[in-house]
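The residues making up each chain are set out below.
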Amino acid sequence: MPKSSSIAQAAAAGRTDRRKSRSRAGLLRLRQSIPDGVFNVAGFVVPVALVLVWWAVTALGLVKPLFLPSPYAILEEAWRQISTGILLQDASVSVYRILAGWLSAALLAIPIGILMGNFRLFEGALEPLISTIRYMPVVALIPLTILWAGIGDEQKILILFLGTFFQMALMVMDNVKTIDINLIRAGQTLGFSNTEILWRIILPAALPAIWDTCRITIGWTWTYLVVAELVAAQTGLGRRIMDAQRYLATDTIIFGTLFIGLLGLLTDYAFKRTGRSLFRWTGNR
């Protein structure tokens with residue numbers, strides 16, 4: 001009896017220690033949820049701190065405005081572009097090019113990735129080629145894209161397509177490959193055809209991951225915008241940045257870069273919100 005009592009006391013002490021440990025861990029517990037308010041506030045703390053440091057450095061004159069304009073100068077440039085309509089014009093053209101380039105890449109990459117992920121024949125035939133091309137720098141392909149598509153919007157869209165398609169195809173292939181093989185075997189046991197297994201088992205299981213791949217790759221498309229608008233573009237956010245570089249207009253360069261990042265962030269947020277609505281069974285990822 002004394003022995004069992006000591007065991008119970010040790011167990012109780014262990015539970016107390018674990019509770020204390022969890023309490024000390026607080027917000028830093030591994031893979032644990034935190035209050036939504038804390039989560040949202042944390043997303044503003046670092047940017048605000050960086051802006052304050054930026055403001056202090058420029059206000060104290062530690063860096064010349066040519067190299068780092070003040071936040072106020074960036075706001076002035078933003079207002080100038082908004083009030084003159086330049087920003088809306090550039091943004092609308094760039095968003096059109098982004099959507100056209102990304103959508104054309106997605107419409108080809110998703111089915112090709114699904115085929116490579118499910119059929120070894122397609123993987124063997126296409127994966128080495130796609131893996132090789134995806135390492136080629138897109139900038140080096142600019143002369144070829146001009147030769148193939150001219151200097152209009154088609155050339156810009158082609159650059160965005162080339163910067164997105166190959167990575168997306170391989171990522172979709174990996175998304176499909178992660179599906180539990182036992183689900184596929186269960187479908188075969190039930191007498192499903194390959195087409196039925198693909199539509200009723202593989203695609204529903206892989207769609208959340210494919211959606212995340214789309215979210216990630218459209219972010220890559222935004223990063224190629226300046227490269228796409230490098231040649232013979234009259235308007236566009238990337239074109240505005242390249243023009244500002246010639247005249248050392250650092251405020252325009254920084255504002256354009258920050259605005260592209262903001263548009264990319266809004267795109268990412270839209271994908272996240274839509275994904276949570278479409279794939280509620282995946283939980284809060």
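Before any of the text, the structure's been laid out above.
Quick caveat, the model's predicted, so the values are computed rather than measured.

S.K.: Can you help me understand the overall build of the chain in this one?
M.R.: When helices and strands are tallied, the chain shows 12 helices and zero strands. Within the chain, the fraction of its 285 residues that count as buried is 34%. Restricting to contacts in the chain with at least 6 residues of sequence separation, those with at least 24 account for 70%. With an accessible surface of roughly 17,900 Å², the chain has 67% of that area assigned to carbon and sulfur atoms.

S.K.: Even after reading the chapter, I still don't get helix 5 (residues 120-133), so can you show me in this structure?
M.R.: Compared with the 20 Å implied by 1.5 Å per residue over 14 residues, the 20 Å span of helix 5 between its first and last C-alpha is a close match. Within helix 5, the axis deviates most sharply at Leu126, by approximately 40°, and proline Pro128 lies no more than four positions further along. Among the residues of helix 5, Glu123, Ile130 and Ser131 are the ones counted as buried. Elements that come into contact with the buried residues of helix 5 comprise helix 4 (86-118) and helix 7 (153-177).

S.K.: Got a minute to help me understand the nonpolar core in this structure?
M.R.: Generally speaking, soluble globular proteins have nonpolar side chains that are buried together. Within the largest apolar cluster, 50 residues are counted, with the highest numbers of intra-cluster contacts made by Trp102, Ile114, Leu237 and Phe259. Considering each element in turn, this core owes the most residues, 12 residues, to helix 7. For Trp102, the contacting residues outside a window of four places in its chain are Thr164, Met168, Cys214, Thr217, Ile218, Thr221 and Phe271.

S.K.: Could you clarify how one ought to interpret a nonpolar patch on the surface in this entry?
M.R.: Nonpolar side chains collect at one region of the surface, where Leu27, Leu28, Ile34, Val38 and Phe39 lie side by side and expose about 510 Å² of accessible area between them. Its place among the elements puts Phe39 in helix 2 (residues 36-59). The class of Phe39 is exposed, set by a relative accessible area of 56%.

S.K.: What is the right way to read the pattern of salt bridges from this model?
M.R.: In this structure the tally under the stated criterion is 10 salt bridges. Between Asp153 and Arg97 there is a salt bridge; the shortest N-O distance is 2.9 Å. Of this pair, Asp153 sits in helix 7 while Arg97 sits in helix 4, and the two are 56 residues apart along the sequence. Overall, the relative accessible area of 5% leaves Arg97 in the buried class. Across the pair Arg120 and Glu123 runs a salt bridge, and its minimum N-O distance is 3.2 Å. Residue Arg120 and its partner Glu123 are both found in helix 5; the two are separated by three residues, about one turn of the helix. Look at Arg120 and you get exposed, because its relative accessible area is 65%.

S.K.: I tried to follow unusual backbone geometry on my own but got confused; where do I start?
M.R.: With the exception of glycine, most residues fall at negative phi, and the peptide bonds are largely trans. For Leu248, which is not a glycine, the phi torsion comes out positive at approximately 55°. With respect to the element layout, Leu248 can be found in the loop between helix 11 (237-246) and helix 12 (250-278). Since its relative accessible area comes to 57%, Leu248 is described here as exposed.

S.K.: Even after reading the chapter, I still don't get the packing of aromatic side chains, so can you show me in this structure?
M.R.: Two measures describe an aromatic ring pair: the distance that separates the ring centres and the angle between the ring planes. If you walk through the whole model with that rule in mind, you get seven aromatic pairs. By way of ring pairs, the aromatic residues Trp102, Trp211, Phe271 and Phe279 are connected into one cluster.

The rules behind each value
Residues numbered from 1 in each chain as written. Predicted model: local features only at pLDDT ≥ 70, side-chain atom pairs only at ≥ 80, totals over all residues. Heavy atoms only, no water. Helix = DSSP H or I, 4+ residues; strand = E, 2+ residues; numbered from the N terminus. Buried < 20%, exposed > 50% of the residue type's maximum accessible area, 1.4 Å probe, protein only. Contact = heavy atoms within 4.5 Å. Areas by Shrake-Rupley, 256 points an atom, 1.4 Å probe, with all protein chains shown as cover. Expected span 1.5 Å × (residues − 1). Bend = angle between axes of the 7 residues up to and from the residue. Core = buried A, V, L, I, M, F, W, Y, C linked by side-chain atoms within 4.5 Å. Patch = residues over 30% accessible without salt bridge, like charges linked within 9 Å, V, L, I, M, F, W, Y side chains within 5 Å. Salt bridge = Lys/Arg side-chain N within 4 Å of Asp/Glu carboxyl O. Phe/Tyr/Trp six-rings, centres within 6.5 Å; stacked < 30°, edge-to-face > 60°.

Honestly, it's all geometry; don't read function into it.
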